[in-house]
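Architecture and fold: a report
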Amino acid sequence: METMSPLERLLRGIALTLVVVFFMFPIVWIFLMSFQTNETILRIPPSVVFTPTLDNYAALITGKLQTAAGTLDIAFMRNLGNSVFLSVVSVAVALLLGVPAAYAFARHKFKGSEDIAFTLLSFRFAPPLLVLLPLTQYFQWLGLSNTYFGLIWVYQLICLPLILWIVRGYFEDISADVEYAYRIAGHSWFATFRKIALPLAGPGIAAAGLLAFIFAWNNFVFALVLASADKQPVTVGALAFVTASGIQYGQIAAAIVLSITPTLALALYAQRYLVEGLSLGAVKG
Amino acid sequence: MTTLQLKNIVKRYKSQTVLDDLSLDVADGERLVLFGPSGAGKTVLLRLVAGVVDPDEGQVLIGGADMTDVDAEYRGVGMAFQNFALFPHMSAFDNIASALTARRSSKEAIAAGVGKVAKLLKIDHVLTHHPKALSNGQKQRTALARALVGSPPLLLLDDPLRNVDAKLRFEMRLELPRLLAAQGATVIYVTQDYKEAMALGDRIAVMFEGRIRQIGTPADIYNTPAEIEIARLFGDPTINLLDVVPQRGPDGAFVELSGVRLRLPGFGPEIVGKACVLGIRPESIAFTDASAPGAIPVTVEAETPLNEKTVTLTLTARRREILVSRPAGTPGPQTGPAHLAVNSRATLLFDKENGRLMRPSELASKRNGEAA
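Keep in mind it's a predicted model, so treat the numbers as computed, not measured. In this numbering scheme, every chain counts its residues from 1 along its sequence in written order. Here the convention is simple: chains get letters from A, ligands get numbers from 1, in the order in which they are written. Predicted model: local features are reported for residues with pLDDT of at least 70 only, side-chain atom pairs are reported and counted for 80 or more only, and whole-chain, interface and lining totals are derived from all residues.

Some words on the nonpolar core
Considering soluble globular proteins, one finds that nonpolar side chains tend to be buried as a cluster. Basically, it comes down to this: By convention in this section, buried Ala, Val, Leu, Ile, Met, Phe, Trp, Tyr and Cys residues joined through C-beta atoms within 7 Å make up a nonpolar core. The burial criterion counts other C-beta atoms lying within 10 Å of a residue's C-beta, which is placed from the backbone; the residue is buried at 20 or more, exposed at 12 or fewer, and partly exposed between these limits. The helix and strand labels rest on DSSP assignments: H or I over at least four residues marks a helix, E over at least two residues marks a strand, and numbering proceeds from the N terminus. Contacts here follow a simple rule: the backbone-placed C-beta atoms of the two residues must lie within 7 Å.
Grouped together as the largest cluster of nonpolar side chains are 147 residues, with contacts concentrated most on A:Tyr155, A:Cys159, A:Ile163, A:Val167, B:Leu34, B:Val49 and B:Leu156. No other element matches helix α7 (residues 148–173) of chain A, which puts 15 residues into this core. Setting aside its immediate chain neighbours within four residues, A:Ile163 contacts A:Ala94, A:Leu95, A:Gly98, A:Val99, A:Ala208, A:Gly209 and A:Ala212. Membership of the second largest hydrophobic core comes to 13 residues, among which are A:Met33, A:Leu60, A:Phe76 and A:Phe241.

This is the structure:
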């Protein structure tokens, strides 16, 4: 870094700026849109100068959408709540099941262990639409359609393989000797799992949890088919803005801003764990 | 202090047999060194005793009690790993204390215990550091402290000096015997360094390919290695090994080096004509005058000064290499022809076919038996 010439620094700065602009522009534009009315959004040519309005947010929070055809009820806040609930509980369940399983797969090679682990991963191979039809049938027979329980169960298809395979790698990276040393010092295998394996794989578990949360949050098709309006997350709920009298761009933008806020906040918070996770290798041995 | 017995231990990984019907007895308070090249199965054996690896067959008895199916945490052994295996997320203090927290000792007792062993190992000033902030030597001492702190009756040390620099290794080699004696534990010490083995062991068990090939005091192993391979591993410079075929002489068997007869004391006609390997330690050979009886003419090829000794490479008339070692500072020829005197009592004769040491006394008694 110190050996960089001013020219190199300049080029580097330009390159970084281009990348940031490329990735951040849509988000910034959406953010600006969320404070505008449909008229200012749709004017030609577009402009960044406008009188900001909080109407879009107000409409979302009160649940009353004013359209040319009259007032429309939307359940956006409920959808947001559903998203939070479904994602948090799904990830929690997946962590609870996946982390011990990952440890077992990492440390104990038993007959068929690779096959079981691969089968779990293969759930990610199949396109969701392929399993949806039979799943819908089963869920109707079992009385699971349109229940949180059923949705969380289906979300395990997304979360569990992800957590299992990422965390397994982190457990495998921990030197077995470190765990042996703790056992020999007189601690049970469970204490060793809790005090040695879990903290050392912590950053990996946090990263996997975060990734699983984002995947769960962004899921669309499972919830679309298996849940009705009162159980649907924001991804499905956003369809409500496409109304008979037009598309409410301002509200959509505000909804997007609200719905990416939790994942963004979580990612920023978890960032330090992710960095720790990457540098774990440096302190081994 | 306690005893350790291994009975007919077999350990396989997939199709490979790592420990092959191995039995071993370690006496109360004994310091046994497991010595052998890498891949001999030393570390697996140690882990098996610690209880983190299970044998496929055989029994592990600690203090006379069968521990074969007992989990590691109930065996009450202390172990130091070659790669230290410190807990990276804990301070040096917590690392060492881990052996005490499992016993639910009081906080004061833990602090006192850790403080005592840390002082002994001179790491009391770095106890708050995490492993990544410790030097290699401090890491190694922390790992050792963790093994020692609970005063385990059986202490397993897996090549603890392997990963530290030469200076520290030398220091610790001097310090360890005192430390281990103060501990009063039965010790099994794994190493690949013959000097360490000789310095630390009451007895040395030499391992090859999953078997103990010879077990005895350091002097036993050095003076009467049971096999060529063992002779080759002990001693620096390496023992001279020459293919010979003994011949019959008027007073027992002899071999020829540069056309000069070298007597093989104690050996008789039974070895005449047999393909053998003659082992002569470089320090059992000295330069001598041409006029001395039995002086072997050689050509000096090269001289290598090592710290405390000087090693000379010489060639016999048939251009066979012989290394000669003498204390540094003593005079010796630099180049050209020279003569060697071999201490024939210190020579070793191995059967070329199976590599085993041939002992004159056994052969002599066998001969007597046949005669009777």
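What to know about the domain arrangement of chain B
Note the threshold: Residue ranges assigned to each domain were obtained from an automatic or database domain assignment.
In terms of domains, chain B is made up of domain 1 (4–226) and domain 2 (240–371). The straight-line distance from the C-alpha centre of domain 1 of chain B to that of domain 2 of chain B is 39 Å.

Points about the UniProt feature "domain: ABC transporter" (unreviewed entry) in chain B
Formally: UniProt positions are given in the numbering used here, feature names are shortened, and annotations may be inferred rather than shown by experiment.
UniProt records the feature "domain: ABC transporter" (unreviewed entry) for residues 4–234 of chain B in the present numbering. Along residues 4–234 of chain B, the helical share is 36% and the strand share 26%, with 26 Å between the first and last C-alpha atoms.

Focus: the UniProt feature "transmembrane region" (unreviewed entry) in chain A
Residues and elements named next belong to chain A. The UniProt entry lists residues 12–32, 84–105, 117–136, 148–167, 204–229 and 249–270 under the feature "transmembrane region" (unreviewed entry), expressed in the numbering used here. A helix fraction of 100% and a strand fraction of 0% characterise residues 12–32, whose end C-alpha atoms lie 28 Å from each other. As annotated, residues 117–136 has a helix share of 75% and a strand share of 0%, and its two end C-alpha atoms lie 26 Å apart.

Here's the deal with the interface of chain A and chain B
Operational definition: Under this grouping Gly is polar, as are all residues other than the nonpolar Ala, Val, Leu, Ile, Met, Phe, Trp, Tyr, Cys and Pro and the charged Asp, Glu, Lys and Arg.
The partner chain B presents 20 residues to the 18 residues of chain A that form the contact. For the side of chain A that touches chain B, the secondary structure elements donating two or more residues are α8 (176–184) and α9 (189–218) of chain A. Per-element accounting of the side of chain A that touches chain B gives the leading share, seven residues, to α8(A). Classifying every residue of the side of chain A that touches chain B gives 10 nonpolar, five polar and three charged.

A short note on the sheet that holds strand β13 (residues 252–257) of chain B
Residues and elements named next belong to chain B. What counts here: Paired strands, in this sense, are two strands between which DSSP finds at least two bridges. Comment: axis = line fitted to C-alpha atoms, over the contacting stretch for helices; angle = value between 0 and 180 degrees taken between N-to-C directions.
Taken together, three strands build an open sheet; the order of strands is β12-β13-β14 and the sheet is antiparallel. Both edges of this open sheet fall to β12 (247–249) and β14 (260–263), since each of them pairs with a single strand only. Neighbour-to-neighbour, the strand axes of this sheet turn through a mean angle of 50°, independent of strand direction. In terms of strand pairing, β12 meets β13 through three bridges, oriented antiparallel. Bridge assignment links Gly249 to a residue of β13, and that residue is Gly252.

What about the sheet that holds strand β3 (residues 31–35) of chain B?
All names here are of chain B. Sheet architecture is open: six strands sit in the order β6-β7-β8-β3-β9-β10, paired in mixed fashion. Every interior strand has two partners, whereas the edge strands, β6 (77–80) and β10 (211–216), have only one. Pairwise comparison of adjacent strand axes, ignoring direction, gives a mean angle of 20° for this sheet. Sheet analysis places β6 next to strand β7 (residues 154–158), joined by four bridges and oriented parallel. In the sheet register, Met79 faces β7, and the bridge partner there is Leu156.

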